[in-house]
Amino acid sequence: MNPESQKQYSPSIWNKRLPVDQVVPAHGEFLAKKSDQARQKLPTYTFKFSESDPEQSIEIAFLNPNSFSVSDLKNSFNFNGRKIFVYLHGGYWQWGSFKDSIFMSENFCSKNIITVAIGYTIAPNASMSEIFNQVERAIAKILENSGNSEVYICGHSAGGHLATMLLFSDFKNKYNVDTSNLKGIIPVSGIFDLGPILETDINDNLKMDMKESSLLSPLLRKDVQLDNNTAFLIAYAENDSPAFHKQAEDFKIHLTKFLGFKNVKSVRINNSDHFDIIENISLDNFSLTKEIYDFMKIN
């Protein structure tokens, strides 16, 4: 283990709000409470990809029955032209749940945005490659049913990594799905080069080797499948570590200089840390919320 890598990729020690041992439990409690509140106030629909693992599911939250409906066969959705905000949870690929991932839904649905939380089997019960394949399958399902709705994919921390890996997914040949409705990707405090993770105890459950970490590092890949008109909003917290700051800005350069993407913006969210930067998109007046609304062209 590399002590400096361990420090740089331990987000809790960089926060300035709470004791180090309290910030992660508080984060989990916040996400669960706000998601439960949203579930009590909004209609939701859960689609399962697996009966044996409930985490292989998506949960859709919407304002009212005019916003979203399901076919009689329960295998196809109608988003009725509403914009779709897809969320991939963080937790270093080994914690978290889709059940705690609609915490922003009250806020977003008030703007008639439909939110979709994606779950996946967490490590060590799935490898990193298997996790990404599950996410890719869920995104294909959403795109297949998106109709004339615009799709925006946001991921936090590990979810930011998974969201940006979709750059290299061949949806057309693998799923016979068109990606023209995928308008933007929003990684928040994401990781784009997994190499340093190999030098930390985070990899104890992931069990990646150098080959897998390189294959799953968006910062090291150039075999893009998405249209270069896809927009990116790369956000990170003032009180993220320097390594997270550098990964975000390096990925911006990679997208624009090496991959040819034209609409790429990075934003540092002041007075925030790795955890409350995403918690606070549940607030209408939070700076990142405003950035996301602007990115999605929400009035």
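As a reminder, the structure under discussion sits directly above these lines.
My aim in this report is to walk through the structure given alongside it, one point at a time. (Residues numbered from 1 in each chain as written. Predicted model: local features only at pLDDT ≥ 70, side-chain atom pairs only at ≥ 80, totals over all residues. Heavy atoms only, no water.)

## Concerning the overall build of the chain
Put simply, the rule is: Numbering of helices and strands starts at the N terminus; helices are DSSP runs of H or I of at least 4 residues and strands are runs of E of at least 2. Think of it in three bands: residues with accessible area under 20% of the maximum for their type are buried, residues over 50% are exposed, and the middle band is partly exposed, with areas taken using a 1.4 Å probe on protein chains only. Accessible surface area values rest on a Shrake-Rupley calculation with a 1.4 Å probe, where residue burial reflects the displayed protein chains alone. Think of it this way: Lys and Arg go in the positive column, Asp and Glu in the negative one, and His and the chain ends go nowhere. Where a charge lies is defined by one atom per residue type, namely NZ (Lys), CZ (Arg), CG (Asp) and CD (Glu).
For the chain, the helix and strand inventory stands at eleven helices and ten strands. For the chain, the spread of C-alpha atoms along the principal axes amounts to about 55 × 40 × 40 Å. Across the 299 residues that make up the chain, the buried fraction comes to 57%. Entry remark: accessible area of the chain is about 12600 Å², with carbon and sulfur atoms responsible for 48%. Between the averaged position of the 30 positive side-chain charges in the chain and that of its 35 negative side-chain charges there is a distance of 5 Å.

## What about the pairing of strand β5 (residues 84-88)?
Threshold: Here, any two strands with at least 2 DSSP bridges between them count as paired.
Buried residues dominate β5, accounting for five of its five residues. Side chains I84, V86 and L88 of β5 all project onto a buried face; the interleaved residues F85 and Y87 project onto the opposite face, where all are buried too. For β5 and strand β6 (residues 114-118), the ladder comprises five bridges, and the chain directions are parallel. Across the sheet, L88 pairs through a bridge with I118, a residue of β6. Bridge count for β5 against strand β7 (residues 151-156) is five bridges, and the pairing is parallel. Across the sheet, residue F85 finds its bridge partner in β7, namely Y152.

## A look at the pairing of strand β9 (residues 231-237)
Burial runs high along β9: seven of the seven residues are buried. Of the two faces of β9, the one carrying A231, L233, A235 and A237 and the one carrying F232, I234 and Y236 are both buried. Pairing of strand β8 (residues 182-188) with β9, which is carried by three bridges, proceeds in the parallel orientation. The residue bridging G184 from the neighbouring strand is A231, located in β9.

## Re unusual backbone geometry
In this structure, the amide linkage connecting A123 to the following residue, P124, adopts the cis form with an omega of 5°. Tracing the sequence through the fold places P124 in the loop between β6 and α4 (128-144). In this structure, S157 is a non-glycine residue whose phi angle is positive, near 60°. Mapped onto the elements of the fold, S157 is located in the loop between β7 and α5 (158-165). Relative accessible area serves as the criterion here: at 4%, S157 is assigned to the buried category. Of note, the phi angle at S189 is positive, near 50°, even though the residue is not glycine. Among the secondary structure elements, S189 is positioned in the loop between β8 and α7 (203-206).

## What about the side chain of N107?
We apply this condition: Residues are treated as being in contact if the distance between any of their heavy atoms lies within 4.5 Å.
By the secondary structure assignment, N107 is in helix α3 (residues 105-109). The exposure class of N107 is buried, given its relative accessible area of 8%. Look past the residues within four positions of N107 in its chain and what remains in contact with it is I281, S282, L283, D284, T289 and Y293.

## A word on the pattern of salt bridges
Note the following rule: Whenever a carboxyl oxygen of Asp or Glu lies within 4 Å of a side-chain nitrogen of Lys or Arg, that contact is scored as a salt bridge.
Enumeration according to the criterion identifies eleven salt bridges in this entry. A salt bridge links E59 to R39; its shortest N-O distance comes to 2.8 Å. Of this pair, E59 sits in strand β2 (residues 57-61) while R39 is found in helix α2 (residues 20-41), placing the two residues 20 residues apart along the sequence. Judged by relative accessible area, which is 3%, E59 ranks as buried. The class for R39 is partly exposed, based on a relative accessible area of 26%. It is possible to trace a salt-bridge network through shared partners that takes in R17, D273 and D276.

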